[in-house]
Amino acid sequence: MAEAADFQGTSASPARRWLRRTGALLAGAPLLAGLLQLPAASPVAAAGQESARATAGSGSVAVAVDSLTPSAPTEGDTVTVSGTVTNRGKQAVTDAHLDLQVGPPLETRSSIDALARKSDDVQGPAGETVGGKYAEKFPELTPGVSQPFSISVPVDELDLGGDGVYQLAVALSGETAAQPWDQVLGIQRTFLPWQPEEAGTKTKTTFLWPLISSSHMVAETGSNEQQTSVFRDDELAEEIAPGGRLEQMVSLGKGLDVTWVIDPDLLASVDAMTKSYEVRGADGSTTDGTHKADANRWLAELQKAVAGKEVVALPYGDPDLASIAHKGTSVTGTLNHVKEATDAIDPTITTILHMKPSKDFAWPVEGAVDPSIVKVATSAGADKVIARSDSLQDDLSYTPSAARPIGAGTTAVVTDARMSSVFQGDLTRASASTLAVQRFLAQSLAFGLQTGKERSVVVAPQRMPSVSQAQAMAEALGTLQDGTWSESQDLTAAAKAKPDPAANTRVPSASAYPSSLRKQELPRAAFEQIARTQGKLDKFKVILTRQDRVVTPFGRAMEREMSTTWRGRGVAAVGYRDGIEGYLDGLIDGVKLIEKSETKLSGRSATIPVTVQNNLVQGVENLELRLTSKNPTRLEIGGDAYEEQPVTVNGGHAQSVKFTTSANANGRAEVVAQLYTQDGQKYGAPVTFDVRVTEVTPTVMLVIGGGVLLLVLAGFRMYTQRKRAAAREAAEDEAAETDGQAGGPADAKRNPQAPGDRQEEESGSRADAPGQPSDPAPDTAAESADPSGTGERVDR
């Protein structure tokens with residue numbers, strides 16, 4: 001991308017520069033003459049020197065600029081450069097001296113990038129040495145030892161010319177035993193922006209301040225009325241604790257003119273921590289959360305920080321628009337989740353921050369766009385897409401303003417790639433942080449000096465800056481806001497600014513999307529799993545008496561499954577999705593049929609109970625239980641092959657449903673119990689069991705009836721025989737009595753038995769007679785042979 005060759009208003013100081021250059025040449029003439037008289041180094045020595053230089057890299061001495069104050073000096077300031085020098089070689093450095101060198105203005109923004117890439121190259125260009133008393137000497141630098149330095153010089157002594165970005169180098173020169181002449185052994189270049197007077201036309205600068213974290217909450221909630229939240233880890237507590245990443249983002253951002261970009265999921269997660277919550281450990285167990293105070297303090301500080309500031313809210317969970325566009329749109333239901341994530345913005349932000357956010361912006365990863373990404377963004381309700389200048393490139397000699405129309409009523413807000421990527425990488429070292437700050441300020445000033453016309457620039461750093469990165473960002477912004485060439489502007493204002501008619505408004509094709517970003521996208525399998533989980537949830541929710549207790553936490557969890565934070569974390573993403581789906585499967589299985597063993601049916605008709613168990617906290621309804629006979633010719637259920645009955649079960653209870661059956665033949669009949677939702681969808685696994693029919697058939701009943709009849713006839717015969725015998729005895733007794741009245745031996749002859757013998761016989765006859773009072777009572781009642789009645793319970 002081409003840029004302007006010169007800064008507007010840049011000028012030099014010819015007289016002073018000519019004097020410095022002449023002095024430098026005169027001072028270097030004797031040294032040059034001496035070098036010409038030295039014998040050439042031997043090949044072995046030269047090889048050794050080259051090896052030492054290769055080992056040392058860019059220099060045998062490392063120069064680290066840990067501090068440069070002020071970062072953007074003005075007239076009358078004193079510039080102080082502090083840091084350390086470290087001998088990385090194997091030989092001591094003697095007669096070392098540290099000097100400041102000021103180079104000519106860097107004329108283009110690309111030249112700033114080039115210098116930053118070779119900031120410690122001892123072979124690179126160097127500026128003019130300030131020299132004199134503004135140098136620091138080291139008699140000896142021992143190998144492996146670091147020594148601090150600090151050089152202060154009035155800005156007037158730096159001989160700066162007109163407005164512009166100057167190279168400021170700190171160079172260490174000295175001698176070694178192998179190379180006994182004065183030479184540069186280490187250097188560190190940085191940038192010195194110089195615009196002492198207020199700019200006539202200031203750059204409108206928008207800086208996005210992101211509050212985004214990874215996904216921490218799961219779909220699981222407590223069984224209490226408050227539905228205690230469960231966190232998959234305790235990392236969020238560390239981020240909001242004093243000194244944590246998010247605590248620093250709020251603490252640093254509240255004093256800056258920035259546009260806050262917030263993921264509602266983060267606010268909802270921290271808000272959940274202000275109440276009772278649980279944290280799941282590595283072993284799967286949960287413990288009570290202990291960071292309620294930190295959560296309350298962080299939210300209170302955030303509310304103060306954003307008061308009166310612009311807040312741009314991303315869709316809930318910060319969905320990965322590029323992954324959705326490239327892999328998810330072909331999966332049914334994916335775009336619905338994006339829409340639901342957008343709908344969740346207002347109730348979350350307004351409830352927690354007590355303010356109405358802007359939800360018109362979509363922010364793809366690193367601002368990389370193509371037509372499909374823009375389409376997904378706009379389908380969710382956004383009409384402004386935050387792109388980046390290395391994606392929506394311009395072929396101009398300057399950098400145009402951020403806003404530009406891209407068709408269909410959509411505005412692309414193009415962020416500056418150079419300024420947006422400055423604070424990436426490891427900035428834990430003070431030298432790296434200082435270089436990033438100076439580079440950012442240099443690019444900002446270079447942007448403003450390109451045309452002299454009012455333009456706007458938008459800076460969008462990485463989504464989750466580290467503590468050191470946030471501190472560097474805050475330092476650079478603080479200097480910029482106090483500077484002379486820039487003024488702050490909200491993102492909404494930047495999007496409404498008049499677009500540059502020469503700026504590119506054509507969205508790049510899908511083939512231009514960076515392959516490095518495409519490799520990090522969520523796979524299609526992720527969206528298929530989300531769709532599968534949603535399908536299970538849709539079937540499950542229809543039976544619940546309190547759907548919101550399940551639908552809301554699972555809906556939010558599925559939105560987190562599409563988050564940008566899963567990029568580059570494939571294994572963790574799969575684990576999170578599996579955990580969500582597995583927990584839902586467990587809830588679904590909480591409503592099920594109890595297994596049954598073989599059932600015996602010992603009558604013509606009976607009832608079979610089937611039990612539905614509800615292990616959920618809430619009740620279930622809108623279920624039907626169907627009992628089906630696989631052999632209806634042998635066993636009918638409800639007069640047909642199957643029967644259905646509605647089911648309603650309170651939470652934590654079981655309900656038995658009874659079905660009327662009729663047996664037509666002996667043997668085994670397979671029976672299947674299955675739950676259905678009211679729309680006819682199967683719910684849960686079926687329960688299959690056998691019913692063994694042992695009903696008495698008509699033939700058997702005839703046999704039994706015949707036997708009973710024979711018993712009755714035999715009893716009647718015995719009764720008539722005994723009645724006749726009793727009559728004979730009565731007649732004989734009457735005749736004997738008559739004979740006795742007549743008296744005589746003749747009676748004795750007719751009855752030879754003695755009186756005692758007759759008494760015993762009579763006693764024996766009485767014993768054989770039924771129903772005598774002396775008979776013992778039976779142990780059990782006589783068994784009825786009648787068929788069993790309707791409604792008889794069966795053995796389980």
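Every value quoted in this text rests on a predicted model; they were computed, and no experiment measured them.

1. Overview of unusual backbone geometry
Comment: phi is negative for the bulk of residues other than glycine, and the bulk of peptide bonds are trans.
Inference 1: Omega for the bond connecting Thr-69 with Pro-70 falls within 30 degrees of zero, at -15°, which places this linkage in the cis form.
Inference 2: Mapped onto the fold, Pro-70 is located in the loop between strand 1 (61–69) and strand 2 (78–87).
Inference 3: The phi dihedral of Asp-318 falls on the positive side, at around 55°, and the residue is not glycine.
Inference 4: Mapped onto the elements of the fold, Asp-318 is located in the loop between strand 15 (311–313) and helix 8 (321–328).
Inference 5: Among the residues examined, Asp-318 registers a relative accessible area of 2% and is labelled buried.
Inference 6: Located in the positive-phi region is Glu-366, a residue other than glycine, with phi close to 55°.
Inference 7: For Glu-366, the position within the fold is in the loop between strand 16 (361–362) and helix 11 (371–379).
Inference 8: The exposure class of Glu-366 is partly exposed, given its relative accessible area of 39%.

2. Quick look at the pattern of salt bridges
Inference 1: Applying the stated criterion to the full structure yields 34 salt bridges.
Inference 2: With a closest N to O distance of 3.6 Å, Lys-327 and Glu-521 form a salt bridge. Of this pair, Lys-327 sits in helix 8 while Glu-521 sits in the loop between helix 16 (515–518) and helix 17 (524–541), placing them 194 residues apart in sequence.
Inference 3: Judged by its relative accessible area of 26%, Lys-327 is partly exposed.
Inference 4: Lys-359 is paired through a salt bridge with Asp-346; the nearest N and O atoms lie 2.7 Å apart. Within this pair, whereas Lys-359 is found in the loop between helix 10 (345–353) and strand 16, its partner Asp-346 is found in helix 10, the two being separated by 13 residues in sequence.
Inference 5: Look at Lys-359 and you get partly exposed, because its relative accessible area is 31%.
Inference 6: Salt bridges linked by common partners bring Arg-532, Lys-536, Glu-581 and Asp-585 together as one network.

3. Section: the nonpolar core
Inference 1: Of all hydrophobic cores here, the largest spans 76 residues; its most connected members are Phe-540 and Leu-625.
Inference 2: The greatest single-element share of this core, amounting to six residues, is contributed by helix 19 (residues 570–588).
Inference 3: Phe-540 has contacts with Val-550, Leu-584, Leu-587, Ile-588, Leu-616 and Tyr-683, leaving out every residue within four places of it along the chain.

4. Considerations on a negative patch on the surface
Inference 1: On the surface, Glu-75, Asp-156, Glu-157 and Glu-197 cluster together into a patch of negative charge.
Inference 2: Mapped onto the elements of the fold, Glu-197 is located in the loop between strand 8 (183–194) and strand 9 (203–211).
Inference 3: Residue classification places Glu-197 among the exposed residues on the basis of a relative accessible area of 55%.

5. Things to note about the packing of helix 18 (residues 548–560) against helix 19
Inference 1: It is at 10 Å that the axes of helix 18 and helix 19 come closest, and there the two elements cross at 160°. With respect to their mutual orientation, helix 18 and helix 19 come out roughly antiparallel. Like other packed secondary-structure pairs, helix 18 and helix 19 cross with a definite hand, here left-handed. Of helix 19, the residues touching helix 18 (which contributes Phe-554, Ala-557 and Arg-560) are Tyr-576, Ile-580, Tyr-583, Leu-584 and Leu-587.
Inference 2: Residue composition of the contact of helix 18 with helix 19, by class: seven nonpolar, no polar and one charged.

6. Here we look at the packing of aromatic side chains
Inference 1: For the coordinates displayed, the defined rule picks out six aromatic pairs.
Inference 2: Taken together, the ring pairs in this structure connect Phe-207, Trp-209, Phe-423 and Phe-440 into an aromatic cluster.
Inference 3: The cationic tip of Arg-556 hangs over the ring face of Tyr-316; the distance from NZ or CZ to the ring centre is 5.2 Å.

Thresholds, definitions, all that
- Residues numbered from 1 in each chain as written.
- Predicted model: local features only at pLDDT ≥ 70, side-chain atom pairs only at ≥ 80, totals over all residues.
- Heavy atoms only, no water.
- Helix = DSSP H or I, 4+ residues; strand = E, 2+ residues; numbered from the N terminus.
- Buried < 20%, exposed > 50% of the residue type's maximum accessible area, 1.4 Å probe, protein only.
- Salt bridge = Lys/Arg side-chain N within 4 Å of Asp/Glu carboxyl O.
- Core = buried A, V, L, I, M, F, W, Y, C linked by side-chain atoms within 4.5 Å.
- Contact = heavy atoms within 4.5 Å.
- Patch = residues over 30% accessible without salt bridge, like charges linked within 9 Å, V, L, I, M, F, W, Y side chains within 5 Å.
- Areas by Shrake-Rupley, 256 points an atom, 1.4 Å probe, with all protein chains shown as cover.
- Lys, Arg positive; Asp, Glu negative; His and termini not counted.
- Charge placed at Lys NZ, Arg CZ, Asp CG, Glu CD.
- Axes fitted to C-alpha atoms, helices over the stretch in contact; angles between N-to-C directions.
- Parallel < 35°, antiparallel > 145°, perpendicular 65-115°, else oblique.
- Left-handed = near helix turned anticlockwise from the far one by under 90°.
- Nonpolar A, V, L, I, M, F, W, Y, C, P; charged D, E, K, R; others polar.
- Phe/Tyr/Trp six-rings, centres within 6.5 Å; stacked < 30°, edge-to-face > 60°.
- Lys NZ or Arg CZ within 6 Å of the ring centre and 35° of its normal.

Such coordinate-based values are descriptive only and should not be taken to indicate function.
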